[in-house]
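Working through the structure, step by step
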Amino acid sequence: MACALTTDISLDCRDAVGGLKEVYFIELENVSTYTESSGTITAITKASGKVFRKWSLVTDTSSMTETITGSRANGSIFYAQALQIIVNKMRVAVRNEIKLMAQNRLVAVAVTMEGTAFLLGKENGLMLEGGSGASGTAMGDRNGYQLDFSGMEKEPMFEVASGVISTLQS
């Protein structure tokens, strides 16, 4: 059987934490190739002169979700990927970058608070599909943006090897 199970999964230590600390974005068309081994991306080749753009995130504000969607009747399965990021302080530089992001299909590398990175939008890209910019009402309210990205892939998110992160912006 081509899809036989291969691994036992046991309980792990209770040391996991949630949230994202940073996300790197690039236009889908500017990624040439990926090198993958057993579900881990070990290299990303970018078009000449192109780099991933780093967005640093405020703790306890941003998240990623992957929803497995299957159809018994159709024999199909796909993975819906969602990324929500919060950016504090409405600024023209952020506004301008959001406009460009909304016009593109993107690849994202999201780094968790634990330091593990995941690739979203590998084949079909993520799209900026919603969000808002708001001033807040009270002095203690957020002044900034909420950005909602989504995508659909035929495979689940890949982990990105730690050594790849240092190559994203070079």
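Placed above this text is the structure.
Just so you know, these numbers come straight off a predicted model, no measurement behind them.

Vacant regions in the atomic arrangement are exposed by a probe of water-molecule size rolled over the atoms. Counted as a void, the largest pocket has a volume near 230 Å³. Together, 13 residues line the largest pocket, and Phe25, Ile26, Glu27, Arg53 and Glu97 are the ones closest to its centre. Contributing elements (two or more residues each) for the lining of the largest pocket: β1 (20-27), β4 (53-56) and α1 (92-102). Its volume calculated, the second largest pocket comes out at about 170 Å³. Forming the walls of the second largest pocket are Lys54, Trp55, Ser56, Leu57, Val58, Ile86, Val87, Asn88, Arg91, Ala93, Val94 and Glu97. Classifying every residue of the lining of the second largest pocket by side-chain character gives 7 nonpolar, 2 polar and 3 charged.

Enumeration according to the criterion identifies 2 salt bridges in this entry. In this structure, the salt-bridge partner of Lys54 is Glu22, at a minimum N-O distance of 3.4 Å. Residue Lys54 is located in strand β4, and its partner Glu22 is located in strand β1; the two are separated by 32 residues in the primary sequence. Residue class for Glu22 comes out buried when judged on its relative accessible area of 15%. Of the charged contacts in the structure, one is a salt bridge between Glu123 and Lys122, with a shortest N-O distance of 2.8 Å. On the basis of relative accessible area, Lys122 is assigned to the buried category, the value being 15%.

A few words now on the sheet that holds strand β7 (residues 106-112). Strand order in the open sheet made by the 7 strands is β2-β3-β11-β8-β7-β1-β4, with mixed pairing throughout. Strand pairing shows two members of the sheet lacking a second neighbour, β2 (31-37) and β4, which therefore form its edges. Averaged over all neighbouring strand pairs, the angle between strand axes comes to 35 degrees, with direction disregarded. Bridge count for β2 against strand β3 (residues 40-46) is 6 bridges, and the pairing is antiparallel. The partner of Thr33 across the bridge, within β3, is Thr45. Packing of α1 onto the sheet brings it into contact with β1, β4 and β7, and relative to β4 it is tilted by some 125 degrees.

The subject of this paragraph is the side chain of Lys122. By secondary structure assignment, the location of Lys122 is in the loop between β8 (117-120) and β9 (127-134). Excluding residues that lie within four positions of it along the chain, Lys122 makes contacts with Leu28, Tyr34, Ile41, Glu153 and Phe158.

This paragraph deals with the nonpolar core. Counting residues in each nonpolar core, the largest one holds 22 residues, and the members touching the most others are Val23, Phe25, Trp55, Leu83, Ile85 and Phe149. Broken down by secondary-structure element, the contributors of at least two residues to this core are β1, β6 (76-88), α1, β7 and β10 (144-153). Apart from the residues within four sequence positions on either side, Val23 is in contact with Arg53, Lys54, Trp55, Leu57, Leu83, Ile85, Ala108, Val109 and Ala110. Judged by nonpolar contacts, the second largest core, of 17 residues, contains Ile41, Ile44, Val111 and Val164.

Thresholds, definitions, all that
- Residues numbered from 1 in each chain as written.
- Predicted model: local features only at pLDDT ≥ 70, side-chain atom pairs only at ≥ 80, totals over all residues.
- Heavy atoms only, no water.
- 1 Å grid on protein atoms, 1.4 Å probe; cavity = no way out; pocket = protein on both sides within 12 Å on 5 of 7 lines; lining within 4 Å.
- Points joined across faces, edges and corners; volume = space filled by probe spheres on them.
- Helix = DSSP H or I, 4+ residues; strand = E, 2+ residues; numbered from the N terminus.
- Nonpolar A, V, L, I, M, F, W, Y, C, P; charged D, E, K, R; others polar.
- Salt bridge = Lys/Arg side-chain N within 4 Å of Asp/Glu carboxyl O.
- Buried < 20%, exposed > 50% of the residue type's maximum accessible area, 1.4 Å probe, protein only.
- Pairing = 2+ DSSP bridges.
- Axes fitted to C-alpha atoms, helices over the stretch in contact; angles between N-to-C directions.
- Contact = heavy atoms within 4.5 Å.
- Core = buried A, V, L, I, M, F, W, Y, C linked by side-chain atoms within 4.5 Å.

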